[in-house]
Structure formats: structure tokens, C-alpha cells
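Residue-level structural notes
Single-letter residue listing:
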Amino acid sequence: MADRVLTWFIKGVLSQTGVVGSNVSNTYVLDKDYVPEIVHLILKGAPADGAGCKIDINDDSTSIFPDTTRQPVIGQGRTVAEWSTFLSTMLRKGSKITLDIDSVSTTTPGSDLSIELWLKE
């Protein structure tokens with residue numbers, strides 16, 4: 001079970017929200033050191049093509065994932081995804097944690113995206 005959960009919610013149709021390629025507004029500053037455990041993504045309405053919805057979570061502007069091929073994605077026909085592959089094994093106290101939406105489906109992007117980052121002390 002997580003000791004802390006960071007949550008982001010993007011209301012509306014993703015292709016119309018203006019969040020692709022930019023930071024989402026919520027920035028979290030960590031109150032202590034944490035280890036990332038799991039990222040949960042939930043999307044209302046499944047993406048209709050292979051591109052899906054790809055996100056990135058940054059620790060002081062550096063991705064916590066190993067590379068762009070191993071970032072969390074909700075792929076074609078899915079509305080839920082869980083991710084547990086991380087580059088960063090420790091997120092330090094005082095780190096600024098931000099979310100980027102790197103891509104969304106061009107045909108049916110889905111809407112109302114929820115992201116949870118589960119952290120363990």
C-alpha cells in the first residue's frame with residue numbers, strides 16, 4: 001500500500017484541453033524521500049488508434065521513466081493502464097514532481113484522464 005499518492009485529473013476531451021506537449025498545472029513538492037511504486041492511468045472512453053495516450057512524470061524536469069519507449073500509455077481499446085518500470089529509484093525530499101501529456105490518439109483521444117503516482121517511504 002502506498003504511503004503517498006500524487007493525483008492529476010484532466011477534465012474534458014484530451015485533444016481539446018491544450019495539455020499535449022505541456023506540463024499539467026499541478027506541481028507537487030515532496031515532503032520526504034519516496035520510492036515510486038505504481039502509476040495508474042484511467043481514461044473515460046478508449047483511444048481508437050495505436051497511439052493511445054502517453055504520459056511522462058518528471059522529477060525536477062527529468063523523467064522518472066527509463067526512456068520514451070517505456071513511458072505509461074493507455075493503448076488502443078483500453079481505458080485503464082498500470083505501470084511499474086521506473087528509472088528513478090528514489091525521489092528526494094523537496095523534488096518538484098510534474099506531469100506531461102506527451103501524446104493522445106488523433107482519432108478518438110478519450111476524455112477525463114486520471115493519473116495516480118503511488119509512492120512508498
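Here's what I pulled together on the structure shown here. None of these values were measured; they are calculated from a predicted model.

Structural notes on the overall build of the protein chain
- Along the backbone of the protein chain there are zero helices and nine strands.
- Tracing the protein chain from N to C terminus, the helices and strands come up as β-β-β-β-β-β-β-β-β.
- Within the span of the protein chain, comprising 121 residues, buried residues form 43% of the whole.
- Taking as baseline every contact in the protein chain between residues at least 6 positions apart, the subset at least 24 positions apart corresponds to 80%.

Quick look at unusual backbone geometry
- The residue Asp 60 is not glycine, and still its phi comes out positive at about 50 degrees.
- Inspection of the secondary structure puts Asp 60 in the loop between β4 (53–59) and β5 (62–63).
- Residue classification places Asp 60 among the partly exposed residues on the basis of a relative accessible area of 44%.
- At Ser 61, a residue that is not glycine, the phi angle is positive and equals roughly 75 degrees.
- In this structure, Ser 61 sits in the loop between β4 and β5.
- Look at Ser 61 and you get exposed, because its relative accessible area is 69%.

What about the pairing of strand β3 (residues 35–44)?
- By the bridge criterion, eight bridges tie β3 to strand β9 (residues 111–120) in an arrangement that is antiparallel. Paired with Ile 42 across the bridge in β9 is Ser 114.
- With four bridges connecting them, β3 and strand β7 (residues 80–83) associate as antiparallel partners. Residue pairing for β7: Ile 42 is matched across the bridge by Val 80.

Topic: the packing of aromatic side chains
- Considering all chains together, one arrives at two aromatic pairs under this definition.
- Pairing Phe 65 with Phe 86 gives two aromatic rings, centres 5.6 Å apart and planes at 25 degrees, and the pair type is stacked. Taken together, the positions of Phe 65 in the loop between β5 and β6 (73–74) and Phe 86 in the loop between β7 and β8 (96–103) put the pair 21 residues apart, joining distant regions of the chain.

Some details on the environment of Leu 113
- The topology assignment puts Leu 113 in strand β9.
- Separated by 69 residues in the primary sequence, Leu 113 and Lys 44 have C-alpha atoms spaced 6.7 Å apart.

Quick notes on the rules
- Residues numbered from 1 in each chain as written.
- Predicted model: local features only at pLDDT ≥ 70, side-chain atom pairs only at ≥ 80, totals over all residues.
- Heavy atoms only, no water.
- Helix = DSSP H or I, 4+ residues; strand = E, 2+ residues; numbered from the N terminus.
- Buried < 20%, exposed > 50% of the residue type's maximum accessible area, 1.4 Å probe, protein only.
- Contact = heavy atoms within 4.5 Å.
- Pairing = 2+ DSSP bridges.
- Phe/Tyr/Trp six-rings, centres within 6.5 Å; stacked < 30°, edge-to-face > 60°.

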